[in-house]
Amino acid sequence: MKNLVILGAGTAGTMMANRMVTRLSSGWCVKVIDPEQEHLYQPGLLFLPFGARDEELNLRARSKTLKPGVEWVREAVQLIEADAKTVVLDNGTKQPYDLLVIASGSQIRPDETPGLADGGWRGSIFDFYTLDGALALRDALDTFEGGRLAINIVEMPIKCPVAPLEFTFLADAFFTKRGMRDRVELVYVTPLDSAFTKPMASRLLGGLLEEKGVRVEPEFATGEVDADGKNLISYDERKVPYDLLVTIPTHMGAPFIEASGMGNELSFVPTDPHTLRAKEHEDIFVLGDATDLPSSKAGSVAHFQSEVVTENLLRSIGNESLEEGFDGHANCFVESGFDKALLIDFNYDVEPLPGTFPLPWVGPMSLMKETYLNHLGKLAFRWVYWNALLPGRTIPVPNRMSMRGKVRPASPAPTSTKGGHHASA
Amino acid sequence: MPVLEAKGTEVELNDEGFMVDSSQWTPELAEALAEKEGIGALTERHWKVITFCREDAAQNGQPPGLRRISKLSGVPTKELYQLFPKGPGKLAAKVSGLPKPKACI
């Protein structure tokens, strides 16, 4: 028997396991290694701080998310020994592989910023990128009496780059509905030079921040947090005081990536941007948040990548040349508050543009526009995730980004960004 | 296109002030670029960063980002902000004659 071993059973790893188990011949065994008992629907975390009480709908027993035939090894990974084609597990056992898929994601690392994880953590400092963080923040917002709420991105890249903006829009709506918006000052503190990374979307989203009375503190490279004095301090010694800090800490890849000497400075794995094979290893593919690619760290990206990795694993087994199938395609709902959302669709080369989605000129959803239907799309997506995406079913959204139904503005409007943070491959 | 001159050599810069051809870089040009960017005289600590950036870019085909510089050059981020004020990632690349680092989204 040959082994296809998948590290991590999050969005990317689960899709890969479920897709490959139905496609590989009987001589192959599909094993997925993940120590966690439950699978978390991460987009659901955004709504919890604002009073949603549906956390149980965002969790599923991992055993129910994996198709029959997939062998789940419930252990943590300690090390990849690429030369020996072996994965060493925390319990000391070794798992040999013929092909390896790294889908071990990214994790928040508040310990990377002095002062962030110490005195104020879960007192006046909260995250919403973990389930317990989002629940603790729900309690904190429920009892918040007013003052300055700072939303801070410590450094890029982060998972779901629009989530901090969505959080800010929802915070504005939350305090408005509670009749206390006038007592809350919202400050958006970002290392970017504007609201987002791509010019048109940045103008649109930056405009929304302004409309909602949010102050933006751009180009703020967070150096440390003074938890006692409640100040964010940048490397160039600017200070932003806060009463309540919602932090998006530094993101890094899994610790075993660094231990295996396979990561970059943030423990993300250097990956070919189009074939998704590890740059250094012929028998290893990488997808989802674990790559070092300039594509968004988002579930939609993992989904589009999973189709390319499926194809390339099969080609690799058949000794065929790999498909250069990934174009950086990302598709994200952006919740903007008061039951509206925007939808953005982009790739390595094409920034988010207005238009319709998924059908050209028909929609029903609108790109780059706030609508109620987009909001319903966002809410409906949880069902799609559990019932179509994770099981590896085909959903009617093309893997490569399409220009059909998109409209380029006739003449580019003047941009407020200086072009410092645009991804390109 | 703007040009920069140092010790009789003229090189082309792009609109954002980065050298167009990285292979034309010389230590004298680094001093001229530093002067132009308001960094002033280059110290031994500046050179430690510049040397690292040049070597790392030659090896990887792209200029290192801020975190990579601080992790691998031995110069902490805080000091990088003192040496290359305002945007050490971009400025270190500029003075090292490298293209603008591609930041992630």
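Residues numbered from 1 in each chain as written. Chains lettered and ligands numbered in written order. Predicted model: local features only at pLDDT ≥ 70, side-chain atom pairs only at ≥ 80, totals over all residues. Heavy atoms only, no water.

Draft legend 1. Highlighting helix H5 (residues 88–95) of chain B. All names here are of chain B. Counting buried residues in H5 gives 7 out of 8 residues, a clear majority hidden from the surface. Elements that come into contact with the buried residues of H5 comprise helix H1 (27–36), helix H2 (44–60), helix H3 (66–73) and helix H4 (77–83). Once H5 finishes, Gly 97 follows within two positions and takes phi at roughly 75°, a positive value. (Buried < 20%, exposed > 50% of the residue type's maximum accessible area, 1.4 Å probe, protein only. Helix = DSSP H or I, 4+ residues; strand = E, 2+ residues; numbered from the N terminus. Contact = heavy atoms within 4.5 Å.)

Draft legend 2. Layout of the packing of aromatic side chains. All names here are of chain A. Applying the stated criterion across every chain yields a total of 12 aromatic pairs over all chains. Where Phe 333 meets Phe 381, the ring centres are 6.5 Å apart and the plane angle is 55°; that geometry is what we call tilted. Here the residue Phe 333 occupies a position in strand E21 (residues 330–337), and Phe 381 occupies one in helix H8 (residues 372–389), the gap between them amounting to 48 residues. Taking relative accessible area as the criterion, Phe 333 reaches 16% and is therefore assigned buried. (Phe/Tyr/Trp six-rings, centres within 6.5 Å; stacked < 30°, edge-to-face > 60°.)

Draft legend 3. Up close: the domain arrangement of chain A. Residues and elements named next belong to chain A. The domains assigned to chain A are domain 1 (2–108 + 253–317) and domain 2 (110–251). Measuring from the centre of the C-alpha atoms in domain 1 to the corresponding centre in domain 2 gives 29 Å. Counting from both sides, the interface comprises 21 residues of domain 1 and, opposite them, 26 residues of domain 2. Taken together, the two surfaces of domain 1 and domain 2 that pack against each other cover about 2,100 Å², and 71% of this comes from carbon and sulfur. Contact with domain 2 buries area across many residues of domain 1, yet Pro 49, Phe 50 and Ile 108 alone supply 36% of it, more than any other trio. Connecting domain 1 to domain 2 are 2 salt bridges. Of the charged contacts, one joins Glu 55 and Arg 138 as a salt bridge, the two residues approaching to 3.1 Å between their closest N and O atoms. Applying the counting rule to domain 1 against domain 2 returns 5 residue pairs in polar contact (both at pLDDT 80 or more). Counting residues per element, the side of domain 1 that touches domain 2 draws most heavily on strand E10 (residues 106–108), at 3 residues. Residue classes in the side of domain 1 that touches domain 2 are distributed as 12 nonpolar, 5 polar and 4 charged. (Domains from an automatic or database assignment. Buried area = accessible area lost by both parts, 1.4 Å probe. Salt bridge = Lys/Arg side-chain N within 4 Å of Asp/Glu carboxyl O. Polar contact = N/O pair within 3.5 Å; in protein donor to acceptor, adjacent residues only side chain to side chain. Nonpolar A, V, L, I, M, F, W, Y, C, P; charged D, E, K, R; others polar.)

Draft legend 4. Summary view of the confidence of the model for chain A. On average, residues of chain A score 93 in pLDDT, and 96% of them reach the 70 mark or higher. Low confidence marks residues 412–425 of chain A, where pLDDT is under 50. Its contacts with residues over four positions away, or in another chain, come to 42 contacts. (pLDDT = per-residue confidence, 0-100.)

Draft legend 5. Focus on a nonpolar patch on the surface. Where nonpolar side chains cluster on the molecular surface, the patch consists of Tyr 372, Leu 373, Leu 376 and Leu 379 of chain A and spans about 360 Å² of accessible area. Counting through the fold element by element, Tyr 372 of chain A comes out in helix H8. (Patch = residues over 30% accessible without salt bridge, like charges linked within 9 Å, V, L, I, M, F, W, Y side chains within 5 Å. Areas by Shrake-Rupley, 256 points an atom, 1.4 Å probe, with all protein chains shown as cover.)

Draft legend 6. Looking closely at the packing of H2 of chain B against H3 of chain B. Residues and elements named next belong to chain B. Running from amino to carboxyl end, H2 crosses H3 at an angle of 110°, the nearest separation of the two axes being 10 Å. When the interaxial angle is binned, H2 and H3 end up roughly perpendicular. Along this stretch, H2 crosses H3, giving a crossing that reads as right-handed. Residues Lys 48, Val 49, Phe 52, Cys 53, Asp 56 and Asn 60 of H2 pack against Arg 68, Ile 69, Leu 72 and Ser 73 of H3. A breakdown of the residues in the contact of H2 with H3 according to their chemical character gives 5 nonpolar, 2 polar and 3 charged. (Axes fitted to C-alpha atoms, helices over the stretch in contact; angles between N-to-C directions. Parallel < 35°, antiparallel > 145°, perpendicular 65-115°, else oblique. Left-handed = near helix turned anticlockwise from the far one by under 90°.)

Draft legend 7. Looking closely at the sheet that holds strand E15 (residues 222–226) of chain A. Residue and element names in this part refer to chain A. Taken in spatial order, the 3 strands make up an open sheet running E15-E16-E17, and their pairing is antiparallel. The sheet terminates laterally at E15 and strand E17 (239–241), the two strands that pair on one side only. Adjacent strand axes in the sheet meet at a mean angle of 20° when their direction is disregarded. Inspection of the sheet shows strand E16 (residues 231–234) paired to E17 by 3 bridges, in the antiparallel sense. For Asn 231, the partnering residue across the bridge sits in E17 and is Pro 241. (Pairing = 2+ DSSP bridges.)

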